[in-house]
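Structure assessment
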Amino acid sequence: MSSWLFIGCLMASWSASAAAEKTLLVYGDSLSAAYGIEINQGWVYLLQQKMQQTNPDWKVVNVSISGETTAGGLSRLQPTLDKYQPDLMLLELGANDGLRGTSLNSTKQNLEKMIQMAQAKKIKTVLFEMQIPPNYGPLYTRKFTQTFQELGKTYNLTVVPFFLDGVAGNSDLNQPDGIHPAAKAQPKLLENVWPTLKPLLN
């Protein structure tokens, strides 16, 4: 009888632990997919390691894809949310749209639809602000960055200030293409994200 009680207690403890686990979904492009470096060097992996120490009740799921656009992200978001049922989503998309000169309205609408889909499921969403080189002129460049702040205000979202701050434009911290952060830049990326993310994990 006592052994059955012991097993029952273990199962109850396991169930409580499983129920307490929360999921953080990282939904981004190459910047979050560790493009050009080992996956265990990327900022998302470093985040996972940090959270195992500071917030062990959370697990990190990274479904970022190199080259992803907001249109591509929108097309696969619903099944992704259904599969992982995250409590919190880091939405790091838009940079590839900007580099391709995609219509600002299209980019904004795609991001907006993704935010709406997450909020419909009561998933907290953190939006990453993106900036791009002035290849398409100052007006496009300025409005592109403003898009993220506008969405943050409209949907009452937490917005991570420029994700690549301190890394973009620094040849020592970027790979030879001048776009993708090198391995040694990844701790800086995490440093840029953590102050905004930390309060949302408690």
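Residues numbered from 1 in each chain as written. Predicted model: local features only at pLDDT ≥ 70, side-chain atom pairs only at ≥ 80, totals over all residues. Heavy atoms only, no water.

What follows is about the sheet that holds strand S1 (residues 22–28). Spatially, 5 strands are ordered S2-S1-S3-S4-S5 in an open sheet, and the strand pairing comes out parallel. What marks the edges here is a single partner per strand, and that holds for strand S2 (58–62) and strand S5 (158–160). Mean inter-strand twist for the sheet, computed between neighbouring axes without regard to direction, equals 20°. By the bridge criterion, 4 bridges tie strand S3 (residues 88–92) to strand S4 (residues 124–128) in an arrangement that is parallel. When the sheet's bridge partners are listed, Leu91 is paired in S4 with Leu127. Contacts from helix H5 (residues 104–120) reach S1, S3 and S4 within the one sheet, and its direction differs from that of S3 by about 175°. Taken strand by strand, helix H6 (residues 138–154) contacts S4 and S5, and its axis lies near 160° from that of S4. (Pairing = 2+ DSSP bridges. Helix = DSSP H or I, 4+ residues; strand = E, 2+ residues; numbered from the N terminus. Axes fitted to C-alpha atoms, helices over the stretch in contact; angles between N-to-C directions. Contact = heavy atoms within 4.5 Å.)

Once that is clear, we can look at helix H7 (residues 186–197). With 12 residues, H7 should cover 16 Å at 1.5 Å per step; its first-to-last C-alpha distance of 16 Å lies within 8% of that length. Listed as buried for H7 are Gln186, Leu189, Leu190, Asn192, Val193, Trp194, Thr196 and Leu197. Against the buried residues of H7 lie S1, helix H2 (43–54), S3, S4 and S5. (Expected span 1.5 Å × (residues − 1). Buried < 20%, exposed > 50% of the residue type's maximum accessible area, 1.4 Å probe, protein only.)

In this section: the side chain of Glu92. Note that Glu92 resides in strand S3. Of the side chains bearing the opposite charge, Arg76 lies closest to the buried Glu92, which forms no salt bridge; the N-O distance is 8.9 Å. For Glu92, the side chain forms a polar contact with the main-chain nitrogen of Asp29, separated by 3.2 Å. Leave out the neighbours within four places in its chain, and Glu92 touches Tyr27, Gly28, Asp29, Leu31, Ser32, Phe128, Met130 and Phe163. (Lys, Arg positive; Asp, Glu negative; His and termini not counted. Salt bridge = Lys/Arg side-chain N within 4 Å of Asp/Glu carboxyl O. Polar contact = N/O pair within 3.5 Å; in protein donor to acceptor, adjacent residues only side chain to side chain.)

Moving on, we get to the environment of Thr141. Mapped onto the fold, Thr141 is located in helix H6. Look at Thr141 and you get buried, because its relative accessible area is 15%. For the pair Thr141 and Lys124, spaced 17 residues apart in sequence, the C-alpha separation works out to 28 Å. Thr141 has contacts with Ile132, Pro133 and Pro134, leaving out every residue within four places of it along the chain.

Turning to the packing of H5 against H6, a few remarks are in order. Relative orientation of the contacting elements H5 and H6 amounts to 15°, with a least axis distance of 10 Å. When the interaxial angle is binned, H5 and H6 end up roughly parallel. Between H5 and H6 lies a crossing of right-handed hand. Of the residues in H6, those in contact with Leu104, Lys108, Leu111, Glu112 and Ile115 of H5 are Tyr140, Lys143, Phe144, Thr147, Phe148, Glu150 and Leu151. The residue inventory of the contact of H5 with H6, partitioned by class, reads 7 nonpolar, 1 polar and 4 charged. (Parallel < 35°, antiparallel > 145°, perpendicular 65-115°, else oblique. Left-handed = near helix turned anticlockwise from the far one by under 90°. Nonpolar A, V, L, I, M, F, W, Y, C, P; charged D, E, K, R; others polar.)

So, about the confidence of the model for the protein. Counting all residues, the mean pLDDT for the protein is 91, and 90% of those residues have values of 70 or more. Between residues 1–19, whose pLDDT stays under 50, and residues either more than four places distant or in other chains, the model counts 0 contacts. (pLDDT = per-residue confidence, 0-100.)

The tally for this structure, following the rule as stated, stands at 6 aromatic pairs. When the ring of Tyr140 is compared with that of Phe144, the centres are 6.4 Å apart and the planes differ by 15°; the resulting orientation is stacked. In this pair, Tyr140 and Phe144 are both assigned in helix H6, 4 residues apart and thus about one turn of the helix distant. The class of Tyr140 is buried, set by a relative accessible area of 13%. Relative to Phe148, the ring of Phe144 has its centre 5.3 Å away and its plane inclined at 75°; by these criteria the two rings are edge-to-face. Taken together, the residues Phe144 and Phe148, both in helix H6 and 4 residues apart, mark about one turn of the helix. Accessibility assignment for this pair places Phe144 and Phe148 in one class, buried. Positioned above the aromatic ring of Trp194, the side-chain terminus of Lys50 is 5.0 Å from the ring centre. (Phe/Tyr/Trp six-rings, centres within 6.5 Å; stacked < 30°, edge-to-face > 60°. Lys NZ or Arg CZ within 6 Å of the ring centre and 35° of its normal.)

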